[in-house]
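# Remarks on the overall topology
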Amino acid sequence: MSESLSIIAWILAGGVAVPLTVLIVEVAAGLPPGRKARSSGGAPRIAIIIPAHDEAQGIAATLAALEPCTPAGTRVVVVADNCSDDTAGIARLAGVEAIERHDPGRRGKGFALAYGRDHLARGVPPDAVIVLDADCRFGPGSVAALAEAAMARGAPAQAVNLIAPDSGAAPMVQISSFAMVVKNLFRSRGMQRLGGAALLTGTGMAFPWSLFAEAQLATGSIVEDLSLGIELTRAGHPPLLVEEAQVRSAPAAMQDALQQKRRWEHGFLETLHRRALPVLGHGLRRGAWPEILLGLHLIVPPLALLVLVALLALFAAGGLAVLGASTGPALFLAALLAMAAILIGAAWVIGGREYLSSGALLRAPLYVLWKLPIYTGFLKKPQASWNRTPRRD
């Protein structure tokens, strides 16, 4: 009896240990500060595409903030996608190109990007294309750094995409912002250092025109950046994290942040379900290390869900130990959880304190409860359609 219980306990521990170990390795590899890439000295022709759906209230501010960040000669194209307001007119008054797309049956950023690409292809195409969300701001020098990196490597280049620090935001929003630091900076940097692909995050990403022209954009996926990164990595063009390039967006209100998390995490969980093992298996068959690492990354659920599942497995293994099973599985999981907690704490000390106050950090257990509706909603009815996240004024 005890042997059977021990086997069950080890199966539980092993199932959770794999994603926990991947998380631990990625974060550990990404903790040391990154090196700044050297400029190639080139001056590629750059186009920036801004997909925009009903952004009349904020598009002028976005374009005003973008102007001092763009090298001379940069084309800026606003794609007013299925808008019911004057997004396009305001963009034209700001002095940039604005094109309008009306196709209510095909909504989403991917369709808008494909429409913008078709517009660029009608003339002399640029050397590099950069995608910027309508609520985001580039840091100084980011546009040139992204374009140069994409052209030098012949691969996609991704800026460090984070939520702007806001010590006055609700604790759950602060924790969510810090989780984004862990994913988009430390884990992405770690994957790159291990020889894999960085993560495309949907905004602040640059492509050589040769790749952008052939990319599968018009997919309607609610996580189009994740899907695009998978396809480009499998094609031998793993994205590059460019740490001297920064892109930021304002934190959303708490309910809006939950809505945004719901869309992204449902899309990620669906990708985990359908694509993680095929990507990993394909990479193993080809001996393609970046694809293998990407497949391993995809089996790691969102941090709050991973912690919840790991704790449940730990309690189950502990309960089985009380009934006579080996204590090894419970001790093994406890050690992995402790190691993950130490590394996440180190990430907070190194680069997270401006995003997450110590007071808000103490409420981290409530963050898991705050996100429970996302995960129960995925089990009942996964979100399959794109929706616009409300912006702060």
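As the structure is a computational prediction, the values presented were derived from the model and not from experiment.

Moving on to the packing of helix H1 (residues 2-30) against helix H12 (residues 328-351). Running from N to C, H1 and H12 point in directions that differ by 15°, and their axes come no closer than 9 Å. If you check the angle between H1 and H12, you find them roughly parallel. Regarding H1 and H12, the two cross each other, and that crossing is left-handed. Together, Ser-6, Ala-9, Trp-10, Ala-13, Val-16, Ala-17, Leu-20, Thr-21, Ile-24, Val-27 and Ala-28 of H1 and Gly-328, Pro-329, Phe-332, Leu-333, Leu-336, Leu-337, Met-339, Ala-340, Leu-343 and Ile-344 of H12 make up the contact between the two elements. Residue composition of the contact of H1 with H12, by class: 18 nonpolar, 3 polar and no charged.

All chains considered together, the criterion is met by 3 aromatic pairs. Centroid distance Phe-207 to Phe-212: 5.5 Å. Interplanar angle 40°. Geometry classified as tilted. As far as the burial class goes, Phe-207 and Phe-212 line up, both buried. Note on Trp-209 and Phe-212: the rings are 6.3 Å apart at their centroids and 45° apart in plane angle, and the pair reads as tilted. With Trp-209 and Phe-212 both in helix H7 (residues 209-212) and 3 residues apart, the pair spans about one turn of that helix.

Here the focus is the nonpolar core. If you look at the biggest cluster of nonpolar residues, it comprises 59 residues, and the most contacted ones within it are Leu-20, Val-27, Phe-178, Val-181, Leu-298, Leu-333 and Tyr-367. Leaving out residues up to four positions away in the same chain, Leu-20 has contacts with Leu-306, Ala-310, Leu-333, Leu-336, Leu-337 and Ala-340. Counting residues in hydrophobic clusters, the runner-up holds 35 residues, among them Ala-52, Ile-59, Ala-98 and Val-242.

In regions of low pLDDT, the predicted coordinates are not meant to be interpreted in detail. The pLDDT averaged across the protein works out to 90; a share of 92% of its residues lies at or above 70. For the protein, per-element mean pLDDT is lowest for helix H15 (residues 372-380), which scores 77, and highest for strand S4 (residues 128-131), which scores 98.

Here the focus is the pattern of salt bridges. Inspection of every chain in the model, using the stated rule, returns 14 salt bridges. Taking the shortest distance from any N to any O, the salt bridge between Glu-231 and Arg-275 comes out at 2.6 Å. Placement of the pair is Glu-231 in helix H8 (residues 224-234) and Arg-275 in helix H9 (residues 254-286), with a sequence separation of 44 residues. A single network of salt bridges, built from pairs that share partners, joins Asp-81, Arg-101, Asp-103 and Arg-106.

Attention shifts here to the sheet that holds strand S8 (residues 240-249). Through backbone hydrogen bonds, the strands of a sheet pair up, either in parallel or in antiparallel fashion. Here 8 strands make up an open sheet; going across it, the order is S3-S2-S1-S4-S7-S6-S8-S5 and the pairing mixed. Of all the strands in the sheet, the pair left with one neighbour each is strand S3 (97-101) and strand S5 (136-138). The sheet shows a mean angle of 25° between the axes of neighbouring strands, taken without regard to direction. Note: strand S6 (residues 157-163) against S8, 7 bridges, orientation parallel. Its bridge partner being in S8, Ala-157 is matched across the sheet by Leu-240. The sheet strands contacting helix H2 (residues 59-66) are strand S1 (46-52), strand S2 (75-81) and S5, and the helix crosses S5 at an angle near 10°.

What counts and how
Residues numbered from 1 in each chain as written. Predicted model: local features only at pLDDT ≥ 70, side-chain atom pairs only at ≥ 80, totals over all residues. Heavy atoms only, no water. Axes fitted to C-alpha atoms, helices over the stretch in contact; angles between N-to-C directions. Helix = DSSP H or I, 4+ residues; strand = E, 2+ residues; numbered from the N terminus. Parallel < 35°, antiparallel > 145°, perpendicular 65-115°, else oblique. Left-handed = near helix turned anticlockwise from the far one by under 90°. Contact = heavy atoms within 4.5 Å. Nonpolar A, V, L, I, M, F, W, Y, C, P; charged D, E, K, R; others polar. Phe/Tyr/Trp six-rings, centres within 6.5 Å; stacked < 30°, edge-to-face > 60°. Buried < 20%, exposed > 50% of the residue type's maximum accessible area, 1.4 Å probe, protein only. Core = buried A, V, L, I, M, F, W, Y, C linked by side-chain atoms within 4.5 Å. pLDDT = per-residue confidence, 0-100. Salt bridge = Lys/Arg side-chain N within 4 Å of Asp/Glu carboxyl O. Pairing = 2+ DSSP bridges.

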